[in-house]
Amino acid sequence: MSHVVAVRANCLAQASPAKESGSLAIHRWTDSHGIIHFSDTAPQGAVQAHRRIEVEGAPPVRVEARGYDVNLPEALAQRAVADALAIQRILRDSLDVEDDGVSVLQIEFIASPAAFAERTGNAGASQAAGSYSMRDHTIRVLMQPDAELNFRILRHEITHALIHERVGVLPTALNEGLAGFFENLRVSGMGGQVIPAHEMRGATALLPSGDPAAALISLFAHADRMFYGPGQEARYAQAFALIAQLMGSEDGRRALAAVLRAQRQAPCESADVVAILEAEYPGGLSTLGTDWLAWMRNPPDTVIAY
């Protein structure tokens with residue numbers, strides 16, 4: 001998943017304003033350029049086809065979706081809410097990520113690669129498909145011809161947004177690994193399933209070499225822009241495999257939850273993931289490295305369901 005490097009700013013967990021749960025009005029309207037918008041805030045000025053939709057029992061994640069230079073599909077806002085709720089529920093129930101307050105996800109869909117690069121503030125962004133900016137708490141998605149690919153990109157960026165809002169600035173490998181894992185979530189109701197082996201087929205050339213524990217430490221050491229440099233395809237695959245392997249067992253989930261708790265306590269500085277996994281994973285980093293490498297060599301064809 002091609003992804004724009006986000007600005008490290010406003011990194012405190014629960015950074016966007018929380019709103020009380022209860023009834024919610026979703027506004028749908030068309031602006032003067034013919035672009036359809038969805039938001040829980042009423043439009044300002046003259047608009048067309050304004051419609052107010054009352055929703056009872058407002059969820060802990062709210063989505064404000066808009067098109068920059070493209071009309072949004074009719075069901076996009078509803079689908080985005082369903083995906084965001086499912087990801088948050090799994091983070092809470094499987095990894096103890098608290099969902100105090102209500103997170104507001106700003107989502108902007110953009111048709112033009114040049115406009116996407118301009119809106120993300122990154123000259124190289126035309127090669128990317130999605131971005132989450134910590135600066136303005138906005139997800140931006142470069143529209144794709146395949147509708148399902150748009151939602152896969154959106155789930156990836158929703159995960160980045162929720163991790164930022166609820167946890168803080170995770171080490172890049174874990175941040176991208178979690179986003180890669182949840183982009184593959186097949187949402188059904190408030191839950192869903194992931195079949196990680198489907199994403200690792202043909203990726204044996206991307207396996208690390210040498211001592212597995214040392215390879216893990218090296219993966220964690222690739223922070224921020226270092227992660228996205230030459231060789232990023234291998235790092236993305238390895239980070240995804242690590243999260244899939246951890247999420248596939250109770251011991252793995254417990255160790256990953258310990259990392260997220262530590263990150264939440266000091267959200268602006270990446271947690272010492274090596275020390276935490278050494279202490280929390282049975283057998284320490286050496287065993288985790290061995291298990292991780294074994295998983296990559298032969299990904300179990302199992303369904304992780306929530």
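Just so you know, the residues in each chain are numbered from 1, in the order the chain's sequence is written. Local features in a predicted model are, by the rule used here, given only for residues with pLDDT of at least 70; side-chain atom pairs are given and counted only at 80 or more, and totals for whole chains, interfaces and linings are based on all residues. Values reported for side chains reflect all heavy atoms of the structure, with hydrogen atoms and water molecules removed beforehand.

A. Structural context of the overall build of the protein chain. Across its full length, the protein chain holds 10 helices and 10 strands. Only heavy atoms enter the contact rule, under which two residues are in contact if any of them lie within 4.5 Å. In the protein chain, 73% of the contacts between residues at least 6 apart in sequence involve partners at least 24 apart. Areas reported as accessible are Shrake-Rupley estimates using a 1.4 Å probe. Residue values count occlusion only from the protein chains shown. For the protein chain, the accessible surface area stands at approximately 13100 Å², while carbon and sulfur atoms represent 51% of it. In this description a helix means any DSSP run of H or I spanning at least four residues, a strand means any run of E spanning at least two, and both kinds are numbered starting from the N terminus.

B. View of the nonpolar core. Within the largest apolar cluster, 74 residues are counted, with the highest numbers of intra-cluster contacts made by Leu-95, Leu-154, Leu-178 and Phe-181. Every residue in contact with Leu-95, bar those within four places of it in the chain, is listed here: Ile-90, Leu-178, Met-247, Arg-253, Leu-256, Ala-257 and Leu-260. Counting residues in each nonpolar core, the second largest holds five residues, with Ile-110, Phe-116, Ala-128 and Leu-142 among its members. Among the buried residues, those of types Ala, Val, Leu, Ile, Met, Phe, Trp, Tyr and Cys that are joined through side-chain atoms within 4.5 Å form a nonpolar core. The buried label goes to any residue with under 20% of its type's maximum accessible area, the exposed label to any with over 50%, and the partly exposed label to all in between, with areas taken from a 1.4 Å probe on protein chains only.

C. View of the packing of aromatic side chains. Any two of the Phe, Tyr and Trp rings considered here, Trp counted by its six-membered ring, make a pair once their centres fall within 6.5 Å; the pair's planes then place it as stacked at under 30 degrees, edge-to-face at over 60, or tilted in between. All told, the structure shown has four aromatic pairs when counted by the stated rule. Consider the rings of Phe-227 and Tyr-228, whose centres lie 5.4 Å apart with planes at 75°: the pair is edge-to-face. Of the two residues, Phe-227 and Tyr-228, both sit in the buried class. Consider the rings of Phe-227 and Tyr-236, whose centres lie 5.3 Å apart with planes at 80°: the pair is edge-to-face. Each member of the pair Phe-227 and Tyr-236 is classed as buried.

D. Expanded view of the pairing of strand 4 (residues 61-67). The buried fraction of strand 4 amounts to six of the seven residues, a majority that puts the element mostly inside the structure. Any two strands with at least two DSSP-identified bridges between them are counted as paired. As judged from the seven bridges shared by strand 4 and strand 5 (residues 103-110), these two strands associate in the parallel manner. Across the sheet, Gly-67 pairs through a bridge with Phe-109, a residue of strand 5.

E. Geometry of the side chain of Asn-150. Mapped onto the secondary structure, Asn-150 falls in helix 3 (residues 147-166). On the basis of relative accessibility, which here comes to 7%, the residue Asn-150 falls in the buried class. Setting aside its immediate chain neighbours within four residues, Asn-150 contacts Phe-109, Val-141, Leu-142, Met-143 and Gln-144.

F. Structural view of unusual backbone geometry. Even without glycine at this site, Ala-49 takes up a positive phi of about 50°. Tracing the backbone through its elements, the reader meets Ala-49 in strand 3 (residues 48-55).

It is worth stressing that arrangement in space is one thing and function is another; only the former is reported here.
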